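Now for the letters of each chain:
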Amino acid sequence: MADVVDDSISDKKEIYSYKAPWPVYGMNWSQKKSKPMRLAIGSFIEEYTNKVRIIQLNDANDELESVAQVDHPYPTTKIMWMPDFEDQYQNDLFATTGDYLRLWSVSDQNQPSLSCVLNNNKSSEFCAPLTSFDWNESDPNIMGTSAIDTTCTIWDVEATKPVASTKVSGEVKTQLIAHDQEVYDIAFAKGVNIFASVGADGSVRVFDLRNLEHSSIVYEDVAGSPLLRLSWNKINNNLLATMRMDDPKVYILDIRNPMEPVVTLSNHKACVNGITWAPHSSVHLCSGSDDQKALIWDVSSQQPQSSSVDPILAYDAAGPINQIQWSKAQSGWIAITHGDTVEALRV
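In this text, all values refer to a predicted model and were calculated from it rather than measured experimentally.

Calculation rules
- The residue count restarts for each chain, going from 1 along the sequence in the order it is written.
- Given that this is a predicted model, residues contribute local features only at a pLDDT of at least 70 and side-chain atom pairs are listed and counted only at 80 or more, while totals for whole chains, interfaces and linings are drawn from all residues.
- Side-chain descriptors were evaluated using all non-hydrogen atoms of the structure, hydrogens and water having been removed beforehand.
- Within this scheme a cavity is a closed region of a 1 Å grid, computed over the protein atoms alone, that accommodates a 1.4 Å probe without allowing it to escape, whereas a pocket is open but has protein on both sides within 12 Å along at least five of seven lines; lining residues each have an atom within 4 Å of a point.
- Grid points are joined across faces, edges and corners, and a volume is the space filled by probe spheres set on the points.
- Runs of H or I in DSSP of at least four residues are treated as helices and runs of E of at least two as strands, each being numbered from the N terminus.
- Residues are grouped as follows: nonpolar covers Ala, Val, Leu, Ile, Met, Phe, Trp, Tyr, Cys and Pro; charged covers Asp, Glu, Lys and Arg; every other residue, Gly included, is treated as polar.
- Whenever Lys or Arg places a side-chain nitrogen within 4 Å of a carboxyl oxygen from Asp or Glu, that contact is recorded as a salt bridge.
- Here the term buried applies to any residue with accessible area under 20% of the maximum for its type, exposed to any over 50%, and partly exposed to those in between, with areas from a 1.4 Å probe on protein chains only.
- Two strands pair if DSSP finds at least two bridges between them.
- Each pair of aromatic rings taken from Phe, Tyr and Trp, with Trp reduced to its six-membered ring, is defined by centres within 6.5 Å and is described as stacked if the planes are under 30 degrees apart, edge-to-face if over 60, and tilted in the remaining cases.

Participant: I keep staring at the layout of surface pockets and nothing clicks. Help me out?
Facilitator: The probe, sized like a water molecule, is rolled over the atoms to show the empty space still left. The volume enclosed by the largest pocket comes to roughly 830 Å³. If you trace the largest pocket, you find 50 residues lining it, with Glu 137, Thr 276, Gln 325, Trp 326 and Lys 328 closest to the centre. For the lining of the largest pocket, the secondary structure elements donating two or more residues are strand E2 (24-29), strand E6 (78-81), strand E10 (130-135), strand E14 (183-188), strand E18 (227-232), strand E22 (272-277) and strand E26 (323-326). In terms of residue class, the lining of the largest pocket is built from 22 nonpolar, 17 polar and 11 charged.

If you want it as structure tokens, here you go:
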């Protein structure tokens, strides 16, 4: 994996660590090449007022440092920066979910401000909490959210308007009942139209924005265990990864051969909390677990239903890993969170 490291970061350390003043849950990398060593992190405080903080590598002292912070209602269930790998958009945005979908505009000085709050239920002051969301890489004006009320909502947002603005608006493109129970995650495939979701009913369902009358169930857990997370391989669109609640395994699915995992990764000793495909490779995946390990897997040569696959790289953290993200702007870096600590790991 060393050959994926960009020459521009060859002089950087192997590990950068940042300790927040609160437990960290939400976390994700900036997706602008011009600001690669920048992350947004969210607090997990059992109070109404939580925090979102932007941290960035200070080249002068070679340390991750806080550069900005905003208040956020409730803990974030997910944080994600707008896909902008070639720095082609003027707007610098990130989004969060919790009670609503919020878009935040970031100034040139890294100062965030709330741009808009998107609520798909205009008839009521109450909302169904949002469990996750995804931002379409092929068209950043499309976003999708998942909620505990069994629905997924697809949003039209003005993320790529040609004139940089502190205000970005959005509206519901469509809302659909996606599962029989709570929906826990949503992920777009490469391209504009295809997305998938997982939920408490133990199924993975694939949808097409061009025909939302029908969906395809590509996997159903035999025991009916809830599926918590979903990651779509953006290089090989046939492959999805998912994980069950309180389960140490990662399941690799091929939508061409539905209903049975093509590979099961079972090296973790405690429940898996996060999964992320490598942005530059169709066969590499990273998982993080309560066993305090981050494991990188190569699924290129595994036999179907194999459970004796060994990871190719492992990292031992100082606590249970609850979040893991592979940088799309800089594929030589993975970030993990455990407790109040964020670590950027060079691979």
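Participant: Please explain the pattern of salt bridges as it appears in this structure.
Facilitator: Between side chains of opposite charge, pairing is possible as soon as their charged atoms come close. Enumeration according to the criterion identifies 16 salt bridges in this entry. Ionic pairing is found between Asp 99 and Arg 102, a salt bridge with its closest N-O pair at 2.5 Å. Each member of the pair Asp 99 and Arg 102 is classed as buried. Put simply, Lys 234 and Glu 137 hold a salt bridge, and the shortest N to O gap is 3.4 Å.

Participant: Would you take a moment to explain the pairing of strand E19 (residues 239-244) for this structure?
Facilitator: Where a strand is regular, its side chains alternate between the two sheet faces. For E19, the tally of buried residues reaches five of six residues, placing the bulk of the element in the interior. Of the pairings in the sheet, the one linking E18 to E19 comprises five bridges and is antiparallel in character. Residue pairing across strands places Leu 230 opposite Thr 242, the latter belonging to E19. Hairpin connection between E18 and E19: a loop of six residues separates the two successive antiparallel strands.

Participant: Where do I start with the packing of aromatic side chains in this structure?
Facilitator: Any pair of aromatic rings gets described here by the distance separating the centres and the angle formed by the planes. Summed over all chains, the structure comprises eight aromatic pairs. Aromatic side chains Tyr 16 and Trp 333 sit 5.7 Å apart centroid to centroid with 40° between the ring planes, which places their arrangement in the tilted category. Of this pair, Tyr 16 sits in strand E1 (residues 15-19) while Trp 333 sits in strand E27 (residues 333-338), placing them 317 residues apart in sequence. This pair shows no difference in class: Tyr 16 is buried, exactly as Trp 333 is. Considering the side-chain rings of Phe 94 and Trp 104, the 5.9 Å spacing of their centres and the 10° angle between planes classify their relative orientation as stacked. Of this pair, Phe 94 sits in strand E7 (residues 93-97) while Trp 104 sits in strand E8 (residues 101-106); the two residues are 10 residues apart in sequence, bridging distant segments of the chain. Accessibility classification places Phe 94 together with Trp 104 in one group, the buried group. By the ring-pair criterion, three or more aromatic residues cluster together here, those being Trp 81, Phe 94 and Trp 104.

Any link to function would need more than the numbers given here.
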